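Results of the structural survey
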Amino acid sequence: MISARHMTGPALVAGLALLLAPASLRAQAVAEPTQAAAPSLPPLNFSGVIFGSYNYQLPTTPSQLAGQTNNQFVLDRAYLTFRMPAGERTSIRVTTDVYQTSESTPNAYTIRAKYAYLQYEAPKTTSGAQVTGRLGILQNVAIDHIENFWPRYISQTAIERAGFFASADVGLAAQLTLPRKLGEVYATIVNGPGYSSREKDRFKDFAVRVSLTPLANGARHPLLQSFTLTGWGYKGATASNYVNGGVIPNVGAALDRSRAGLFVGLRDPRFVLGAEYDQRHDDRDTASTTLARTVIGTTGHVVSGFTVVRPLAFVNASGKSSLGLVARYDRVTPFASTEGSITPAPATSNGYHNVIGGMFWDLSQKAQLALDYQESLASSNGVSSAPPSQSKGYYAHFSVSF
């Protein structure tokens, strides 16, 4: 080895440069700022539900043409849902609704928004309580809740089918999840006409639903943990028929449009039970002269009960079965009483019933087939004003979620 004292000046400088060069390069690498990584996109949650049917209609009147049988394939709905975070504790949801149009348009099917809202979730407490707010096209007060028990792909819920209100509307909503899984409180302020119509007047509809699950923490009776008791109320209003004048000067007062109901449900993998009573009140006004405006109020109600049961699940060791039965009965009375009319009650019964019965089979965990019979007939099977359209038929339904 050659010591530094035996090296000449130029050689010593060259040696020091060789020794210091790697350290200098390392220091330079540390000093240079690293290139910032590209920001990751927020996760997109995409899901959907598609359901439809084939129906074979039976005659309800003797006036049908000889040999005529109405039948058709129908894609009832295609719901495509997009969810994405929109910052801390905020997110958005957009659900498209592909449906068979009844308007005079060249397209058999069209698309519209079913849900489109911004959601904010407050921090959850240690007991599980949480407040959630929504703004946009959002769930109405009761229909979405009942659909947690009743299969929507077979038929609409009783109150939606009876025309109480739409399943969604534009407005503001708040939900309070109660502590210890004891239920929830859901309240809305919405336009009123529903998600398929524009706002028609200046009035807003207010609604609240309280759903309690008092046995949710009862470990001794797991079958009753899903027992749900729900009460809801809906206070709405519509504009007068003479808000823009006519026979009488402009009328700015609101006409009442109120609904209320009770629902009791039990949901288990082996069977589902549900029962409800709902009531509605609607005002309308009429006038023949400038001094004779009459407000007529009508009250109606719905009584409904249903079950979805898998009988073989009670004998299988796994407690599961892909085969099940479904049954439902609705008793609808559109005009149970009237106020302000010369005739205090309908001259004839205007009540009707909906009957649904059949069986279903799980093709997979997310796909079902159902064969069922449905009828919607007036009490006397001869009152043309109720139900809106009488029908009897056999159906083959399918539903798939993804």
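Above this text is the structure in question.
Turning next to a nonpolar patch on the surface. Together, L312, F314, V315, L323, L325, M359, W361, L363, L369, L371 and F398 line one region of the surface with nonpolar side chains, adding up to about 1,000 Å² of accessible area. In this fold, L312 is placed in the loop between β12 (293–309) and β13 (323–339).

This next bit is on the packing of aromatic side chains. In the structure shown here, the tally under the stated rule is 11 aromatic pairs. Relative to F306, the ring of F263 has its centre 6.4 Å away and its plane inclined at 25°; by these criteria the two rings are stacked. Taken together, the residues span a long stretch of sequence, with F263 in strand β10 (residues 254–267) and F306 in strand β12 at a distance of 43 residues. In terms of burial, F263 and F306 fall into one category: buried. Through pairs of rings, three or more aromatic residues link up here, namely F149, W150, F263 and F306. Taking the ring centre of F164 as reference, the NZ or CZ of R259 above it sits at 5.9 Å. Stacked on the ring of F149, the Lys or Arg R267 has its end atom at 4.9 Å from the ring centre.

Bridge count for strand β8 (residues 205–212) against strand β9 (residues 228–239) is seven bridges, and the pairing is antiparallel. Note that in β9 the partner of A207 across the bridge is Y234. Relative to β10, β9 runs antiparallel, the two being bridged by 12 bridges. For L229, the partnering residue across the bridge sits in β10 and is V264.

The next subject is the layout of surface pockets. If you add up the space inside the second largest pocket, you get close to 470 Å³. What lines the second largest pocket is a set of 22 residues, and nearest its centre among them are H145, N148, E184, R209 and R267. Sorting the residues of the lining of the second largest pocket by element identifies β5 (130–139), α2 (143–146), β6 (168–177), β7 (183–190) and β8 as the ones contributing at least two each. Residue contributions to the lining of the second largest pocket peak at three residues, all from β7. Its residues placed into classes, the lining of the second largest pocket shows four nonpolar, 12 polar and six charged.

This structure, assessed with the given rule, holds 13 salt bridges. Measuring nitrogen to oxygen at the nearest pair gives 3.0 Å for the salt bridge that ties R280 to D282. Judged by its relative accessible area of 18%, R280 is buried. Note that D330 and R328 form a salt bridge whose closest N and O atoms lie 2.7 Å from each other. Residue D330 shares its accessibility class with R328, and that shared class is buried. One continuous salt-bridge network, built from bridges that share partners, spans R77, D97 and R112.

Glancing now at the side chain of Q130. Following the sequence through the fold, Q130 ends up in strand β5. One polar contact links the side chain of Q130 to the main-chain carbonyl oxygen of A122, over a distance of 2.9 Å. Every residue in contact with Q130, bar those within four places of it in the chain, is listed here: E121, A122, P123, K124, Q175, L176 and T177.

Next up on the list: the nonpolar core. Within the largest apolar cluster, 39 residues are counted, with the highest numbers of intra-cluster contacts made by V141, I154, I159, F164, F165, W232 and Y234. With sequence-adjacent residues up to four places away left out, W232 is seen in contact with V141, A142, I159, F164, F165, V208, R209, R259, A260, G261, L262 and D278.

What counts and what doesn't
- Residues numbered from 1 in each chain as written.
- Predicted model: local features only at pLDDT ≥ 70, side-chain atom pairs only at ≥ 80, totals over all residues.
- Heavy atoms only, no water.
- Patch = residues over 30% accessible without salt bridge, like charges linked within 9 Å, V, L, I, M, F, W, Y side chains within 5 Å.
- Areas by Shrake-Rupley, 256 points an atom, 1.4 Å probe, with all protein chains shown as cover.
- Salt bridge = Lys/Arg side-chain N within 4 Å of Asp/Glu carboxyl O.
- Helix = DSSP H or I, 4+ residues; strand = E, 2+ residues; numbered from the N terminus.
- Phe/Tyr/Trp six-rings, centres within 6.5 Å; stacked < 30°, edge-to-face > 60°.
- Buried < 20%, exposed > 50% of the residue type's maximum accessible area, 1.4 Å probe, protein only.
- Lys NZ or Arg CZ within 6 Å of the ring centre and 35° of its normal.
- Pairing = 2+ DSSP bridges.
- 1 Å grid on protein atoms, 1.4 Å probe; cavity = no way out; pocket = protein on both sides within 12 Å on 5 of 7 lines; lining within 4 Å.
- Points joined across faces, edges and corners; volume = space filled by probe spheres on them.
- Nonpolar A, V, L, I, M, F, W, Y, C, P; charged D, E, K, R; others polar.
- Polar contact = N/O pair within 3.5 Å; in protein donor to acceptor, adjacent residues only side chain to side chain.
- Contact = heavy atoms within 4.5 Å.
- Core = buried A, V, L, I, M, F, W, Y, C linked by side-chain atoms within 4.5 Å.

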